[in-house]
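Here is what each chain is made of, one letter per residue.
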Amino acid sequence: MNLNPKKTAVIFKAFCDENRIKILQLLADGEKCACKLLEALNITQPTLSHHMKILLDSGIVNGRKEGKWMHYSISAEGVEYARKCFNALTAVSGSDENQSCCKK
């Protein structure tokens, strides 16, 4: 897989905050309205908007507007892409496993 470093960094930024992890845990059992996320988290509406923008930009979360409220859900496609990025970044090539990069 040929990774785009900038896009990959945006994806993993989504996982680097405990509030965003809590949001993903809340979305794990299905779509939630922003009002429900606010009730479950001890954060302000502007803070929720900030976190949701990061999650939306990463592609991990989908959003849809219904009336004045946004509804959020986990994106299966976004999760699969993040999984592929993680696997590509952590794949260990065994070809040079016992060779040192430094000459003695």
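See the structure printed just above.
Residues numbered from 1 in each chain as written. Predicted model: local features only at pLDDT ≥ 70, side-chain atom pairs only at ≥ 80, totals over all residues. Heavy atoms only, no water.

Asks: Before we move on, can you summarise the packing of helix H2 (residues 18–27) against helix H4 (residues 45–58) with the specific residues and values?
Replies: Two numbers describe how H2 lies on H4: the axes approach to 10 Å, and their chain directions differ by 75 degrees. What the angle tells us is that H2 and H4 run roughly perpendicular. On H4, the residues touching Asn19, Arg20, Ile23 and Leu24 of H2 are Leu48, His50, His51, Met52, Ile54 and Leu55. (Axes fitted to C-alpha atoms, helices over the stretch in contact; angles between N-to-C directions. Helix = DSSP H or I, 4+ residues; strand = E, 2+ residues; numbered from the N terminus. Parallel < 35°, antiparallel > 145°, perpendicular 65-115°, else oblique. Contact = heavy atoms within 4.5 Å.)

Asks: I'd love a proper account of H4, names of residues and values included.
Replies: For H4, with 14 residues, the first-to-last C-alpha span of 20 Å sits near the 20 Å given by 1.5 Å per residue. Close packing links the buried residues of H4 with helix H1 (5–13), H2, helix H3 (34–40), strand S2 (61–66) and strand S3 (69–74). Where H4 terminates, the next one or two residues include Gly59, which has phi positive at roughly 85 degrees. (Expected span 1.5 Å × (residues − 1).)

Asks: Tell me about the packing of aromatic side chains, and please be specific about residues and values.
Replies: Applying the stated criterion to the full structure yields one aromatic pair. For the ring pair Phe12 and Phe15, a centre distance of 6.3 Å and an interplane angle of 50 degrees mean the geometry is tilted. The ring centre of Tyr81 lies 4.5 Å from the NZ or CZ of Lys7, which sits over that ring. (Phe/Tyr/Trp six-rings, centres within 6.5 Å; stacked < 30°, edge-to-face > 60°. Lys NZ or Arg CZ within 6 Å of the ring centre and 35° of its normal.)

Asks: How would you explain the pairing of S3 if you had to name every residue and give the values?
Replies: Judged from the two bridges that link them, strand S1 (residues 32–33) and S3 form a sheet pairing that is antiparallel. When the bridges of S3 are listed, Cys33 appears paired with His71. In this structure, S2 lies alongside S3, joined through six bridges in antiparallel fashion. Bridged to Asn62 within S3 is Ser73. (Pairing = 2+ DSSP bridges.)

Asks: How would you explain the environment of Lys65 if you had to name every residue and give the values?
Replies: As for its position among the elements, Lys65 is in strand S2. Using a relative accessible area of 59% as the deciding quantity, one classes Lys65 as exposed. In this structure the C-alpha to C-alpha distance between Lys65 and Ile11, which are 54 residues apart in sequence, comes to 23 Å. (Buried < 20%, exposed > 50% of the residue type's maximum accessible area, 1.4 Å probe, protein only.)

Asks: Provide a residue-level description of the sheet that holds S1, including the pertinent values.
Replies: The strand order S1-S3-S2 describes an open sheet built from three strands, whose pairing is antiparallel. What marks the edges here is a single partner per strand, and that holds for S1 and S2.

Asks: Requested: an account of the packing of H1 against helix H5 (residues 76–90), with residues and values cited.
Replies: Two packed helices can be described by the angle between their axes and the distance between those axes. Viewed as axis vectors pointing N to C, H1 and H5 meet at an angle of 110 degrees, and their least axial separation amounts to 10 Å. For the element pair H1 / H5, the angle class is roughly perpendicular. Both H1 and H5 take part in a crossing whose hand is left-handed. In contact with Lys7, Thr8, Ile11 and Phe12 of H1, H5 contributes Tyr81, Ala82, Cys85, Phe86 and Leu89. The residue makeup of the contact of H1 with H5, split by class, is seven nonpolar, one polar and one charged. (Left-handed = near helix turned anticlockwise from the far one by under 90°. Nonpolar A, V, L, I, M, F, W, Y, C, P; charged D, E, K, R; others polar.)

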